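What follows is each chain in one-letter form.
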Amino acid sequence: MSEPTLAQVDPEIASLIAKEERRQLDSIRLIASENYASRAVQEAAGSALNNKYSEGYPGKRYYQGQEYVDKVETLAIERIKKLFGVEHVNVQPYSGSPANLAVHYAFLRPGDKTVGLGLPAGGHLTHGWKVSITGDYFEAHQYGVRENDHRLDMDQVARLAREHKPKLMWCGTTAYPRHVDYAKFAEIANEVGAILVADIAHVSGLIAGKAHPSPVGLAPIVTSTTHKTLRGPRGGMILCDAKYAKEIDKAVFPGLQGGPHNSGIAALAVAAHEALQPSFETYARNVVTNAKAMAETLMSRGIDLVTGGTDTHLILADLTSKNVAGKPAAIALEKAGIVCNYNSVPFDKRKPFDPSGIRLGTPAVTSRGMGPDEMKRIGGWIADVVEAPTDEKVIARVRGELLAMCQQFPAPGLERR
Ligand SMILES: *Cc1c(COP(=O)(O)O)cnc(C)c1O
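Residues numbered from 1 in each chain as written. Predicted model: local features only at pLDDT ≥ 70, side-chain atom pairs only at ≥ 80, totals over all residues. Heavy atoms only, no water.

Is there a simple way to think about the site of the ligand in this case?
In the vicinity of the ligand lie 13 residues, with Ser95, Ser97, Thr174, Asp199 and Lys228 positioned nearest. One nitrogen or oxygen atom from the side chain of Ser95 is found 2.4 Å from an oxygen atom belonging to the ligand. Measuring from an oxygen atom of the ligand, one finds a backbone N or O atom of Gly96 at 3.0 Å. Out of a free accessible area of 380 Å², the ligand has 87% covered by protein chains. (Near = heavy atom within 4 Å. Polar contact = N/O pair within 3.5 Å; in protein donor to acceptor, adjacent residues only side chain to side chain. Areas by Shrake-Rupley, 256 points an atom, 1.4 Å probe, with all protein chains shown as cover.)

Laid out in structure tokens, this is it:
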């Protein structure tokens, strides 16, 4: 007798997974950090590698039985090195946040100084925001964006760096629609003797696909998630110059973590293999083209965009002029089948849990093969709902039109059942 399936063992969870798959097929997913991982990536992520313990690194493990796991991790490392052109890679961080904590642990003691982008200006919690361990255990100084154009305030970055002489300087964003001037950051970091860390969590897939500038060669340490634009499994990684390899590896294990998640590392190797194909460059380019097309449509409908557009996969819309806050807009959009997140805009007059904006991104819809025509239609639907967030008729019409569109675009890794 064969082993029972998930549906037989645990119908409750099986049914919830099936419903979630259906939700991902039948909605327009615009959360900028989300994507669809391929079937191949998901197969590796759900494999028997899950069963293996392998504390340590390839060739230097603390348990026996590493013949295949060592090869898997080595392949992941070699592929990521090739993809980003870096000297050293650690693929063991469990996710983006632990990767960033490991970098702190590699170079700082409690109370040491950092400079990073503040959360309200589009930075990540782990760049020193006060509710995060990175802001609580270290002396983090936070820069922001300029009031006039909402671009990163590089004068403030230089001021904070000169005044505080931080050991680490962080650049990289989570809700900022423009390129980061990595060269300028490197110049400032070099001037004050700080180690520059570029966190490319959101844009690593765009960088891999050559649709976005790379910080490699400018920032000696680069951290990333693996599940956003890169379309891999949930996970994190640290890329660095060879001279920092020892400190980084020691900080990840044994400093911060125990056994690596081998199934995730195998899935990352698969994602890197996919990203090394020429088709991934097309994907990355299309993500940006799509974001620009959607941005144009939104602006043509009178929706204000932070910085007036985008260079990336991400759009930050300020809904103030439409007389609706971000949260009720996001809730109405979800009812219509468009899933995004409410988000603070720079210098937001509203509270963080009830802010003025929504954040939109095109990585997932582009993975489904949607293009500029679809982006224009989606942008139009967003404007329709934002202009009438309580109008059930509008929501029902958008929902209907959108379902018809979803039927035409299969989603990687998912089958209609
Ligand atoms: C998403 C993100 C992270 C954190 O990744 P998790 O996997 O959610 O821990 C870190 N930095 C930036 C810039 C991000 O956007």
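Looking at this structure, how should I read a nonpolar patch on the surface?
On the surface, Leu6, Ile13, Leu16 and Ile17 cluster together into a nonpolar patch covering about 340 Å² of accessible area. The dominant element in the nonpolar patch, judged by the number of residues it contributes, is helix 2 (residues 11-25), at three residues. In this fold, Leu6 is placed in helix 1 (residues 6-9). (Patch = residues over 30% accessible without salt bridge, like charges linked within 9 Å, V, L, I, M, F, W, Y side chains within 5 Å. Salt bridge = Lys/Arg side-chain N within 4 Å of Asp/Glu carboxyl O. Helix = DSSP H or I, 4+ residues; strand = E, 2+ residues; numbered from the N terminus.)

Would you mind going over the side chain of Thr225 with me for this structure?
Tracing the backbone through its elements, the reader meets Thr225 in strand 9 (residues 221-225). Given a relative accessible area of 4%, Thr225 falls into the buried group. Engagement of the side chain of Thr225 in a polar contact is seen with the backbone oxygen of Ala201, the distance being 3.1 Å. Beyond its immediate chain neighbours, meaning those up to four positions away, Thr225 contacts Gly96, Ala201, Ser204, Gly235, Gly236 and Met237. (Buried < 20%, exposed > 50% of the residue type's maximum accessible area, 1.4 Å probe, protein only. Contact = heavy atoms within 4.5 Å.)

Sorry if this is basic, but what is going on with the domain arrangement of the chain here?
It is common to give the size of an interface as the accessible area that goes away when the parts come together. For the chain, the assigned domains are domain 1 (42-276) and domain 2 (281-407). When each unit is reduced to the centre of its C-alpha atoms, the spacing between domain 1 and domain 2 is 28 Å. Counting residues at the interface gives 23 residues for domain 1, matched by 23 residues for domain 2. Summing both partners gives a buried area of about 2000 Å² for domain 1 against domain 2, and 60% of it is carried by carbon and sulfur. (Domains from an automatic or database assignment. Buried area = accessible area lost by both parts, 1.4 Å probe.)

Any chance you could explain the state of the cysteines here in plain terms?
Disulfides are covalent bonds that link the sulfur atoms of two cysteine residues. This structure, assessed with the given rule, holds zero disulfides. Considering cysteine sulfurs only, Cys240 is the nearest to Cys171, which forms no disulfide, with 15 Å between them. The structure places no disulfide on Cys340, whose sulfur is separated from the nearest cysteine sulfur, that of Cys406, by 15 Å. Taking relative accessible area as the criterion, Cys340 reaches 10% and is therefore assigned buried. (Disulfide = S-S within 2.5 Å.)

Whenever I open this one, the sheet that holds strand 5 (residues 113-117) confuses me. Can you help?
Backbone-to-backbone hydrogen bonds join strands into a sheet, with any given pair of strands oriented parallel or antiparallel. Read across the open sheet, the seven strands follow the order 4-10-9-8-7-5-6; overall the sheet is mixed. Because the sheet does not close on itself, it has two edges, and the strands there are strand 4 (88-90) and strand 6 (139-143). Sheet twist, expressed as the average angle between the axes of neighbouring strands with direction ignored, equals 20°. As paired strands, strand 4 and strand 10 (residues 236-240) are joined by three bridges and run antiparallel to one another. Looking at strand 10, one finds that His88 is bridged to Cys240. (Pairing = 2+ DSSP bridges. Axes fitted to C-alpha atoms, helices over the stretch in contact; angles between N-to-C directions.)

Is there a simple way to think about a positive patch on the surface in this case?
A contiguous patch of positive charge, built from Lys60, Arg109, Lys246 and Lys250, is present on the exposed surface. Counting through the fold element by element, Arg109 comes out in the loop between helix 5 (96-107) and strand 5. (Lys, Arg positive; Asp, Glu negative; His and termini not counted. Charge placed at Lys NZ, Arg CZ, Asp CG, Glu CD.)

Can you help me understand the pattern of salt bridges in this one?
When charged atoms on two side chains of opposite charge get close, those side chains can pair. Taken as a whole and judged by the stated rule, the model has 21 salt bridges. A salt bridge links Arg39 to Glu415; its shortest N-O distance comes to 3.8 Å. Of this pair, Arg39 sits in helix 3 (residues 39-45) while Glu415 sits in the segment after helix 16 (392-408), and the two are 376 residues apart along the sequence. Looking at Glu415, the relative accessible area reads 57%, which means it is exposed. Across the pair Asp384 and Arg397 runs a salt bridge whose closest N-O atoms are separated by 3.0 Å. Remark: Arg397 occurs in helix 16 and Asp384 occurs in helix 15 (residues 372-387); sequence separation between them is 13 residues. For Asp384, a relative accessible area of 18% corresponds to the buried category. Judged by its relative accessible area of 36%, Arg397 is partly exposed.

Sorry, what's going on with the environment of Asn51 here?
Here Asn51 is to be found in the loop between helix 3 and strand 2 (56-57). Along the backbone, Asn51 and Asn262 are 211 residues apart, and their C-alpha atoms lie at a distance of 8.4 Å.

What exactly am I supposed to notice about the environment of Glu55 here?
Among the secondary structure elements, Glu55 is positioned in the loop between helix 3 and strand 2. For Glu55, a relative accessible area of 19% translates into the label buried. Put simply, Glu55 and Gly258 are 203 residues apart on the chain and 6.0 Å apart in space, counted from C-alpha to C-alpha. Not counting the four nearest positions on each side in its chain, Glu55 is found in contact with Lys60, Arg61, Tyr62, Tyr63, Phe253, Gly258, Gly259 and Pro260. At 3.3 Å, the side chain of Glu55 forms a polar contact with the side chain of Tyr63.

Can you walk me through the environment of Leu196 in this structure?
By the secondary structure assignment, Leu196 is in strand 8 (residues 195-199). Judged by its relative accessible area of 2%, Leu196 falls in the buried class. The spatial distance from the C-alpha of Leu196 to the C-alpha of Lys167 is 8.7 Å, given a sequence separation of 29 residues. Ignoring sequence-local partners within four residues, the contact set of Leu196 consists of Met169, Cys171, Tyr182, Phe185, Ala186, Ala189, Leu218, Ala219, Pro220 and Ile221.

Any chance you could explain the packing of helix 4 (residues 67-84) against helix 11 (residues 262-275) here in plain terms?
The relative placement of two packed helices comes down to the angle between their axes together with the axis-to-axis distance. One way to put it is that helix 4 packs onto helix 11 with a least axis distance of 8 Å and a crossing angle of 35°. In this structure, the crossing between helix 4 and helix 11 has a hand that is left-handed. Facing Val69, Val72, Glu73, Leu75, Ala76, Arg79, Ile80 and Leu83 of helix 4, the residues of helix 11 in contact are Asn262, Ile265, Ala266, Leu268, Ala269, Val270, Ala272, His273 and Ala275. Grouping the amino acids of the contact of helix 4 with helix 11 by side-chain chemistry returns 13 nonpolar, two polar and two charged. (Left-handed = near helix turned anticlockwise from the far one by under 90°. Nonpolar A, V, L, I, M, F, W, Y, C, P; charged D, E, K, R; others polar.)

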